[in-house]
Amino acid sequence: RGPVPAVSPAGDAEPKSQKGLKRLPSSAAPVVDQMLRNVACRLLGKEPSPIAAEHGAVVGEAARFIATRVCAPRDMGANAARCFRMALYQEEQAALLQEA
């Protein structure tokens, strides 16, 4: 069995940890994947691709979910976690602006 895609924990129907967090439906995986690609673009100083306005709520939920799950120093250093969360929240804000 290969590695688990990064979007899997956000849509895991039977989570193994942090069971109190609300998960997204697995149908949201393509939107979450694009949001994570946009986060990577932001971290690399590149221009992210716009996500359709109708997916704004999913982007917001996914960004908050992932930001909540990131743990420093387990997952990454404190500065890296701060930058990662900032990029997630920028995606959330961009999605909110698309909806407006």
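Residues numbered from 1 in each chain as written. Predicted model: local features only at pLDDT ≥ 70, side-chain atom pairs only at ≥ 80, totals over all residues. Heavy atoms only, no water.

**What to know about the packing of helix α3 (residues 56-69) against helix α4 (residues 78-99)**
Each packed pair of helices is defined by two parameters, the angle between the axes and the distance between the axes.
Next up, step 1: It is the contact of α3 with α4, at a shortest axis distance of 8 Å, that shows an interaxial angle of 165°. The angle between the axes of α3 and α4 places the two elements in the roughly antiparallel class. In the packing of α3 onto α4, the handedness of the crossing is left-handed. Contacts between α3 and α4 pair Gly56, Ala57, Val59, Gly60, Ala63, Arg64, Ile66 and Ala67 from the former with Phe84, Arg85, Leu88, Tyr89, Glu91, Glu92, Ala95 and Glu99 from the latter.
Next up, step 2: Class assignment of the residues belonging to the contact of α3 with α4 gives a composition of nine nonpolar, two polar and five charged. (Axes fitted to C-alpha atoms, helices over the stretch in contact; angles between N-to-C directions. Helix = DSSP H or I, 4+ residues; strand = E, 2+ residues; numbered from the N terminus. Parallel < 35°, antiparallel > 145°, perpendicular 65-115°, else oblique. Left-handed = near helix turned anticlockwise from the far one by under 90°. Contact = heavy atoms within 4.5 Å. Nonpolar A, V, L, I, M, F, W, Y, C, P; charged D, E, K, R; others polar.)

**Here's the deal with the pattern of salt bridges**
Next up, step 1: Taken as a whole, this structure holds four salt bridges when the rule is applied.
Next up, step 2: Close ionic contact of Glu91 with Arg42 constitutes a salt bridge, the shortest N to O distance being 2.7 Å. Here Glu91 is found in helix α4, whereas its partner Arg42 is found in helix α2 (residues 29-43), with 49 residues between them in sequence.
Next up, step 3: A salt bridge links Arg64 to Glu92; the shortest N-O distance between them is 2.3 Å. A residue pair is termed long-range when its members are at least 10 positions apart, and Arg64 in helix α3 and Glu92 in helix α4 qualify at 28 residues.
Next up, step 4: Using a relative accessible area of 11% as the deciding quantity, one classes Glu92 as buried. (Salt bridge = Lys/Arg side-chain N within 4 Å of Asp/Glu carboxyl O. Buried < 20%, exposed > 50% of the residue type's maximum accessible area, 1.4 Å probe, protein only.)

**Quick word on α2**
Next up, step 1: Taking 1.5 Å of rise per residue, the 15 residues of α2 would be expected to cover 21 Å, and the 21 Å separating its terminal C-alpha atoms lies within 8% of that figure.
Next up, step 2: Along its buried surface, α2 packs onto α3 and α4.
Next up, step 3: At the exit of α2 stands Gly45, carrying a positive phi of roughly 75°. (Expected span 1.5 Å × (residues − 1).)

**Quick look at the packing of α2 against α3**
Next up, step 1: One can describe the packing of α2 onto α3 by two numbers: an axis separation of 10 Å at closest approach and a directional angle of 65°. Crossing angle aside, the handedness with which α2 passes α3 is right-handed. In this structure, α2 contributes Val31, Val32, Met35 and Leu36 to the contact, and α3 contributes Val58, Val59, Ala62, Ala63 and Ile66.
Next up, step 2: Of the residues in the contact of α2 with α3, the class split is nine nonpolar, no polar and no charged.

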